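Close look at the chain arrangement
Chain by chain, the residues run as shown.
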Amino acid sequence: MWGLDVQRSEAAWWLLAITLGAVLFWVFYSFIGTFVFGVFIYYATRPIYRQMRRGGVRPASLAATVSIFTLALPLILLLAYAVAIGLNELNTFLANLRDRQADGDADGGTGDGTGDASADGIDQLTDILEPYFDVASAVNNPEQLLSNPEELDLVTNLATDAQGYIGFVSTGLLHLFVMIAIAFYLLRDGHRLSRWFRNTFGDERGVLAAYLRVVDRDFRNIFFGNILNAFLTGIIGTISYSLLNVYAPPGGAIPYAALVGLLAGAASLIPVVGMKLVYFPVAGFLFFRAATEEPTGAFWFPALFVAVSFVIVDVIPDLVLRPYVSGRNLHVGSVMFAYIFGPLLFGWYGIFLGPMLLVLSVHFARLVLPELLNAERVQPYAVDPSHFETTDQPAETGTEDVPGGSPAGESDE
């Protein structure tokens, strides 16, 4: 049938293979957000891990552990803290919208039903985010912490407020553990997985090796460059703007400072203009308020906001991470749409999954599809395929760009 000569034993093995593949796909799909975030942690910590390995840190498990706990875990905790503050301010913002809507209805409203629809939308969003709001309420605003040092008992507050959401918190900690474990084993044993995959499925012309090489390079640019830059920018913006509000003149504070910082980090993913879409309008509002509201003339705070936004939030993260973002060979427009449509289609993890699918698709169409269609004979990089069969070559010869490729001289230990 279909021109295939399949023995009974082979059919049984193929059935088992399909079953196992379906089960593994179901497991991956059920925890897809955890897996893609684990891959992000891997790419974010891999440069540090490889530098430590080249510096003589042994064994590989120690280098992987130090890399994760010196960069990834503090970053996750800072990000969680910044998101918690942003959620608190989003909760306040939604409450203010609901109060204004109620005041408008009390004054007679518009009579066209748009007020009720708006109120229903706010209530639905609040209901969806209510568990996150309640858990985030355990984290105080930095402005309150600085003005009331006696309220620094965050651990006690968190334990008290989170008792009603013990299942929610436990699930989050479990996912965090799985993310860190994925990154750890990819750092330590990724070169073994890469070598097995190339030896098992590789072709004599090196198409698979070339495909993995360019995919790994763009994953590194996306995860260690763009997304890490967005996360760091959001954290820096949240902390900077919250601290600025401590010194703001009466009535001149940044509105929803932490939320503005997180939005600036998210906007940094947009090419060219980036976070300027966020802090330029906020700066204009601050200058307008300083010129029109009493006491007038307090322009020093809006000017300080612009200076901090440009230097600390915008320029410094860009200068630090720009060398890792440069050299990408993906169209900036396609990357922008991947960042936009990814979260819309898949949820929060779409910010990782959308660009991953873009990279896999673009390089498949560029390298593999012509070979499948026999349109052309792919000769990747004019490099001897045997070059990719070892993981003991120095990084500058190309091993650095192979997924899971080990640093120079790294053993399988």
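Residues numbered from 1 in each chain as written. Predicted model: local features only at pLDDT ≥ 70, side-chain atom pairs only at ≥ 80, totals over all residues. Heavy atoms only, no water.

**Some remarks on the overall build of the chain**
Definition in use: Only DSSP runs of H or I with at least four residues qualify as helices, and only runs of E with at least two residues qualify as strands; both kinds are numbered from the N terminus onward. Only protein chains enter the accessibility calculation, which uses a 1.4 Å probe; a residue is then buried when its area is under 20% of its type maximum, exposed when over 50%, and partly exposed in between. Whether two residues touch is decided by their heavy atoms; if any such pair falls within 4.5 Å, the residues are in contact. Note on areas: these come from Shrake-Rupley sampling with a 1.4 Å probe, and a residue is covered only by the protein chains present in the view.
What the chain contains, in helices and strands, is 13 helices and 0 strands. Counting from the amino terminus, helix and strand elements in the chain follow one another as α-α-α-α-α-α-α-α-α-α-α-α-α. Looking at the chain as a whole, 41% of its 413 residues qualify as buried. Taking as baseline every contact in the chain between residues at least 6 positions apart, the subset at least 24 positions apart corresponds to 74%. Carbon and sulfur atoms provide 67% of the accessible area of the chain, an area that totals close to 22,300 Å².

**Notes on the pattern of salt bridges**
Opposite charge on two side chains permits pairing when their charged atoms draw close. For clarity, the cut-off: A pair is scored as a salt bridge if a Lys or Arg side-chain nitrogen falls within 4 Å of a carboxyl oxygen belonging to Asp or Glu.
The full count for this structure, using the stated rule, is 3 salt bridges. Two residues, Asp 216 and Arg 46, come together in a salt bridge whose shortest N-O distance is 2.9 Å. Of the two residues, Asp 216 sits in helix α8 (residues 207-246) while Arg 46 sits in helix α2 (residues 32-54), which places them 170 residues apart along the sequence. Across the pair Lys 276 and Asp 314 runs a salt bridge, and its minimum N-O distance is 3.0 Å. With a gap of 38 residues between them, Lys 276 in helix α10 (residues 276-292) and Asp 314 in helix α11 (residues 300-325) connect regions that are remote in the sequence. Judged by relative accessible area, which is 28%, Lys 276 ranks as partly exposed. Classification of Asp 314 by relative accessible area gives buried; the value is 11%.

**A few points about helix α12 (residues 332-346)**
Heads up, the condition is: Expected span of a helix: the number of residues minus one, times 1.5 Å.
Here α12 spans 21 Å end to end across 15 residues, near enough to the 21 Å set by a 1.5 Å rise per residue. Within the span of α12, buried status applies to Gly 333, Val 335, Ala 338, Tyr 339 and Gly 342. Among the structural elements, α8 and α13 (350-372) are those in contact with the buried residues of α12. A positive phi of about 100° marks Gly 347, the residue just after α12.

**Focus: the nonpolar core**
What counts, and what does not: Buried Ala, Val, Leu, Ile, Met, Phe, Trp, Tyr and Cys residues that are joined via side-chain atoms within 4.5 Å together make up what is termed a nonpolar core.
In terms of nonpolar packing, the biggest core is built from 55 residues, with Phe 37, Phe 40, Ile 41, Phe 223, Ile 227 and Phe 352 touching the most fellow members. Those elements giving two or more residues to this core turn out to be α2, α3 (60-106), α7 (166-201), α8, α12 and α13. Sorting elements by how many residues they give to this core places α8 first, with 14 residues. Excluding residues that lie within four positions of it along the chain, Ile 41 makes contacts with Ala 72, Ile 76, Met 179 and Ala 183.

**Section: the side chain of Asp 189**
Using the following cut-off: The definition of a polar contact used here is a pair of N or O atoms within 3.5 Å, where within protein one atom must be able to donate a hydrogen and the other to accept one, and adjacent residues in sequence count solely through side-chain atom pairs.
Structurally, Asp 189 can be placed in helix α7. Reaching out from Asp 189, the side chain makes a polar contact with the side chain of Arg 188 at a distance of 2.9 Å.

**Things to note about the confidence of the model for the chain**
Here is the rule we go by: Values of pLDDT, ranging from 0 to 100, describe the predictor's confidence in every residue of the model.
With 69% of its residues at a pLDDT of at least 70, the chain reaches an overall mean of 76. Confidence drops under a pLDDT of 50 for residues 381-413, and excluding neighbours within four residues, the segment shows 84 contacts in the predicted structure.

**Notes on a nonpolar patch on the surface**
Keep this limit in mind: For patch detection, residues must exceed 30% relative accessible area and be free of salt bridges, and they are connected within 9 Å for like charges or within 5 Å for nonpolar side chains (Val, Leu, Ile, Met, Phe, Trp, Tyr).
Nonpolar side chains collect at one region of the surface, where Phe 337, Ile 340, Phe 341, Leu 344, Leu 345, Phe 346, Leu 357 and Leu 360 lie side by side and expose about 760 Å² of accessible area between them. Sort the elements by how many residues they give to the nonpolar patch and α12 lands first, with 6 residues. Mapped onto the elements, Phe 346 comes out in helix α12. A relative accessible area of 31% means that Phe 346 is categorised as partly exposed.

**Topic: unusual backbone geometry**
In the segment running from Arg 58 into Pro 59, the intervening peptide bond is cis, with an omega of 0°. Position of Pro 59 among the secondary structure elements: in the loop between α2 and α3. Backbone geometry places Tyr 256, a non-glycine residue, at a positive phi of 50°. Inspection of the secondary structure puts Tyr 256 in the loop between α8 and α9 (257-267). You can call Tyr 256 partly exposed: its relative accessible area is 25%.

**Considering the packing of aromatic side chains**
Working definition: an aromatic ring pair is given by the centre-to-centre distance plus the angle between the planes. Rule in force here: Within 6.5 Å between ring centres, the rings of Phe, Tyr and Trp (the latter by its six-membered ring) count as paired, and their orientation is classed by plane angle as stacked under 30 degrees, edge-to-face over 60, tilted in between.
Applying the stated rule across the entire model yields 26 aromatic pairs. When the ring of Tyr 279 is compared with that of Phe 280, the centres are 5.2 Å apart and the planes differ by 80°; the resulting orientation is edge-to-face. Judged by relative accessible area, Tyr 279 falls into the buried class, the value being 1%. Under the relative-accessibility criterion, Phe 280 is labelled exposed at 51%. One aromatic cluster is present, formed by Phe 37, Phe 40, Tyr 42, Tyr 43, Phe 219, Phe 223, Phe 231, Phe 346, Trp 348, Tyr 349 and Phe 352 through successive ring pairs.

**Some thoughts on the environment of Ile 236**
Tracing the backbone through its elements, the reader meets Ile 236 in helix α8. Sequence separation between Ile 236 and Pro 317 is 81 residues, and the spatial gap between their C-alpha atoms is 8.9 Å. Leave out the neighbours within four places in its chain, and Ile 236 touches Ile 312, Val 313 and Pro 317.

**Here's the deal with the environment of Val 320**
Its place among the elements puts Val 320 in helix α11. In this structure the C-alpha to C-alpha distance between Val 320 and Gly 225, which are 95 residues apart in sequence, comes to 9.8 Å.

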